[in-house]
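Remarks on the overall topology
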Amino acid sequence: MTEHEVRQVPTFCALCVSRCGATATVEDGLFTALGPDPAHPTGQAVCVKGKAAPAIVAHHERLLHPMKRTAPKGAADPGWVRISWDEALDTVAERLTGIAAESGPEAVVFASASPSTSALSDSVDWIIRLRRAFGSPNFTNAMELCGWGRHLASTYTYGAPVPGGYMPDLAHAGCILYWGYNPSVSRLVHATATVQAVNRGARLVVVDPRRVGLAAKADHWLRVRPGTDAALALGLVHVMLGRGWYDEAFVRRWTDAPLLVRTDTGRLLRADDLAEPGPSGQRVAWDEVAGAPVLHDPATRGCAVAPERLALDGRYDVALRDGVVPCRPVLAELRAHCEDLTPAATADLTGVPAEDLERAAETLWTSRPLAFYTWSGLEQHSTTTQTIRAINVLYALTGSLDTPGGNVLFTAVPTAPIDGMELIDPAQRAKAIGLDDRPLGPARFEFVTGEDLYTAALESRPYRARALIDFGANLVMAHGDSARGRDALTSLDFFVHADLFMSPTAALADIVLPVASPFESEALRVGFEVSQEAQAHVQLRQPVVPPRGEAWSDLQIVFALAVRLGLGEHFWDGDLEAAWRHQLGPSGLTLEQLRAEPRGITVPLPTRHEKHAESDGDHPRGFRTPSGLVEIWSETLQDHGQPALPTFIEPAVSPRSRPDLAERFPLVLTCAKAQRFCETQYRQVAELRSAVPDPLVELHPEAASARGVAAGDWVRIDTPLGSVRARAKLNASLDPDVVCGQHGWSQGCADLDIPDQDPYAADGVNLNLVLSQTPSDPVSGSSPLRSSVCQISRC
Ligand SMILES: Nc1nc2c(c(=O)[nH]1)N[C@H]1C(S)=C(S)[C@@H](COP(=O)(O)OP(=O)(O)OC[C@H]3O[C@@H](n4cnc5c(=O)[nH]c(N)nc54)[C@H](O)[C@@H]3O)O[C@H]1N2
Ligand SMILES: Nc1nc2c(c(=O)[nH]1)N[C@H]1C(S)=C(S)[C@@H](COP(=O)(O)OP(=O)(O)OC[C@H]3O[C@@H](n4cnc5c(=O)[nH]c(N)nc54)[C@H](O)[C@@H]3O)O[C@H]1N2
Ligand code: SF4
Ligand SMILES: [Mo]
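Anyway, here's the lowdown on the structure attached to this text. (Residues numbered from 1 in each chain as written. Chains lettered and ligands numbered in written order. Predicted model: local features only at pLDDT ≥ 70, side-chain atom pairs only at ≥ 80, totals over all residues. Heavy atoms only, no water.)

**Describing the site of ligand 2**
Neighbouring ligand 2 are 34 residues; Asp-208, Asp-229, Phe-677, Glu-679 and Arg-786 lie closest to it. One of the backbone nitrogen or oxygen atoms of Ser-376 is found 2.8 Å away from an oxygen atom of ligand 2. The backbone of Gly-377 places a nitrogen or oxygen atom 3.3 Å from a nitrogen atom of ligand 2. Surface burial for ligand 2 is 99%, taken as the share of its 910 Å² of free accessible area covered by protein chains. Of all elements in the fold, only α8 (183-186), α15 (376-379) and β26 (667-671) reach the threshold of two or more residues within the shell around ligand 2. With 3 residues, the top contributor of residues to the shell around ligand 2 is α15. Classifying every residue of the shell around ligand 2 by side-chain character gives 16 nonpolar, 11 polar and 7 charged. (Near = heavy atom within 4 Å. Polar contact = N/O pair within 3.5 Å; in protein donor to acceptor, adjacent residues only side chain to side chain. Areas by Shrake-Rupley, 256 points an atom, 1.4 Å probe, with all protein chains shown as cover. Helix = DSSP H or I, 4+ residues; strand = E, 2+ residues; numbered from the N terminus. Nonpolar A, V, L, I, M, F, W, Y, C, P; charged D, E, K, R; others polar.)

Take a look at the structure:
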């Protein structure tokens, strides 16, 4: 008899954005447990999903072999037939090459699951490289629902992703602000670090329609009406400017607050407008000492006089070529812009009591440095861009950016870029789907929204999307308008989907490829983001167990496909190790070192702060905006017909903006993630499903009793698009006019005798069937999934 063998394998859990350092237990070759690894910079804890990792890996519904469809699209049974990897990859390469030859590579859309909900973070940069080498500017990965606000929209204020890339320095923050973000459910490593920060005395402000997670520990919980966050942010700005609660030195030197705005045209005053014109491209501030205009040079990021001399308030008559025009500094414009948003007026719009708002403003100011994070609560609205701008401007006033305890771009381990930006022709980038309609939106960064993908597939606008190569993304379940999604994917000439499990999206594919779980594959992770120590940590994650069946990692698929597509020269001829060596080159680390230290290596890296003040040669580095400053006033947005100052706009479909709907749909419907599942995943895993077998909708006890609903009852959620069902969960922290649902339900759980449900059936359980992708944010196309309207009734 062989001896019982137990191994402890250092790893990290890649199942979600938290990427918790962990130790896997392998008994006699079987992966049996996952536990925390406190020695790892993200290893304080693992969550219930991490603990279920062995069950996920071993699940009997895992895809084990490549398969092709033999029945026509739309048939009840796709007639899946097992095929070899060679046949699968040859077919994919042949179809994609053929379609690209006929219609251009842009007719092939690439997609992936979000790296926040899956192990796609192992491979997403390589998928993007493949897409670019192939020549397609089109990538769908829920950017407009998940990353736009945190990352890309904030570049219009900061020239950098704040808070997406500039992470909250929780270890040193005086005050932490979580706005539409609940890390207790969504990012364990942030939750544990926040509890530690609060225990050492940091203050905490939470803005959320629900009192969930860390809100229970918060000094201030602001119960905002969904989708009115921009009003709340501007109401806070009103108070802070009114009380002088802003970092005057930072604001004068590093933001555009002193730049003058013409009161006649509502545009920034340009040097070449002046009676004595200066160089075009320069802007103008007011020198209070000289009583005269002074030029601001974006090249030097400053004015010729000391910042203290620049006016931040008042109105100045400036002699221009076309006469004398009164002008005001941007900060005075902002003050005027927020003037009507008194605490009382803000309370009326947002539901946040005036005194709560004022007290929170005081804490934000007096407990600096302020570190903040925003996420899903702000991403999924018709007003996301303005909301994030408002919060970014509020944050600029605190002067905490890139200071210890603020939001800091932690020093990263240097590596060679691998995303292949150099491989795609600018003429191809210009063909990104959606760019014509929203030139500043995700398409500018080569991301395609779900709605635009469906339109391209179904209506050939701006041209026909003919093929889709999808690494995971469960498009029809993740985006609103699920039925339109099904029709769009069905209309494609060719669709290949790589996944661990079948999903309603995979079911529409021509070819399905089986993917190895992160516990079965090797992956290189450079930087764990959340702290300097974490960001300096590099780990070559080792497989805990071998892949099941014939499953391959996404990376293997990408490299093998690249070779078959004739793109091997950009992929080290399919040699993944050679590619990693190239990537690691600048770090000085080798694969051998990393394999010898499977827990990873933390490179000693100092944190640099206030990098905008560092010299980049002759001048301070400043910010990567057109002015080189933090742009409270965005000419870029203004040039595209958007407000130059962040502006509150009522959600496009709310009881206030659509009084015609208010009688039938009096409730505001938002949603939130579920603790035990990642987005649309894991409903089939009994260990996770057993405690929460059905979708929930949270509502206030009064709202429930007014409708004859008791806790646990099945209820109907009616929206203007149709009706689905969920079980009532009573939550007394909610506004009685607000309810909170969950998306992602339809999958059954055979082990618990729960059948699959049709995701397209009226009165089913798929919330996104009755949520719409439109009317969306005019800048980003973000879908209004979190400020819809509904009625609730007993089933
Ligand atoms: N109503 C509503 N809709 C929402 C949201 C919401 O809050 N409310 N949230 C939105 C957000 S933030 C996001 S990010 C999207 C999420 O949408 P998606 O990015 O589609 O993510 P999931 O729904 O988690 O589905 C992930 C799929 O990828 C597969 N998968 C998991 N790991 C891997 C892997 O390593 N490789 C491959 N190839 N496949 C893998 C899973 O089996 C699953 O089929 O949904 C959005 N939709
Ligand atoms: N357990 C678990 N972890 C996950 C995921 C998961 O599905 N499950 N998904 C992963 C992914 S893809 C993402 S994007 C992250 C997201 O992580 P989070 O952003 O934390 O996700 P949510 O819990 O959906 O939303 C945060 C909060 O926003 C609130 N909210 C809803 N509407 C509004 C609003 O209009 N304004 C404000 N201020 N708040 C609002 C909700 O009540 C909720 O508490 O989590 C990742 N981690
Ligand atoms: S929070 Fe849970 S699922 Fe996410 S990485 Fe950590 S253990 Fe894995
Ligand atoms: Mo997400």
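So, next bit.
**Considerations on helix α20 (residues 482-490)**
Since the α-helix turns once every 3.6 residues, residues separated by three or four places project in the same direction. Residues of α20 that are buried include every one of Ser-482, Gly-485, Ala-488 and Leu-489, and no others. The buried residues of α20 occupy an angular sector of 115° when the element is viewed end-on, so they sit on one face. Residues of α20 that are buried sit in contact with α18 (450-459), β20 (467-471), α19 (475-478) and β21 (494-499). (Buried < 20%, exposed > 50% of the residue type's maximum accessible area, 1.4 Å probe, protein only. Arc of directions from axis to C-beta. Contact = heavy atoms within 4.5 Å.)

**Section: the pattern of salt bridges**
For the structure on display, the rule yields 54 salt bridges. Look at the salt bridges and you will find they share partners, linking Arg-131, Arg-132, Asp-419, Arg-429 and Glu-446 into a network. (Salt bridge = Lys/Arg side-chain N within 4 Å of Asp/Glu carboxyl O.)

**Considerations on the packing of helix α10 (residues 229-243) against helix α14 (residues 354-366)**
Put simply, α10 and α14 touch, their axes get as near as 10 Å, and they point 65° apart. By the criterion of interaxial angle, the relationship of α10 to α14 is roughly perpendicular. As for the relative orientation of α10 and α14, their crossing is right-handed in sense. Listed contacts from α14 to Leu-232, Gly-235, Leu-236, Val-239, Met-240 and Arg-243 of α10 are Leu-357, Glu-358, Ala-361, Leu-364 and Trp-365. Tallied by class, the residues present in the contact of α10 with α14 amount to 8 nonpolar, 1 polar and 2 charged. (Axes fitted to C-alpha atoms, helices over the stretch in contact; angles between N-to-C directions. Parallel < 35°, antiparallel > 145°, perpendicular 65-115°, else oblique. Left-handed = near helix turned anticlockwise from the far one by under 90°.)

**Concerning the sheet that holds strand β17 (residues 323-329)**
Ordered in space as β12-β17-β16, the 3 strands form an open sheet in which the pairing is antiparallel. Edge positions in the sheet fall to β12 (260-262) and β16 (316-320), since each has one partner strand and no second. Going across the sheet, the axis of each strand differs from the next one's by a mean of 45°, ignoring polarity. (Pairing = 2+ DSSP bridges.)

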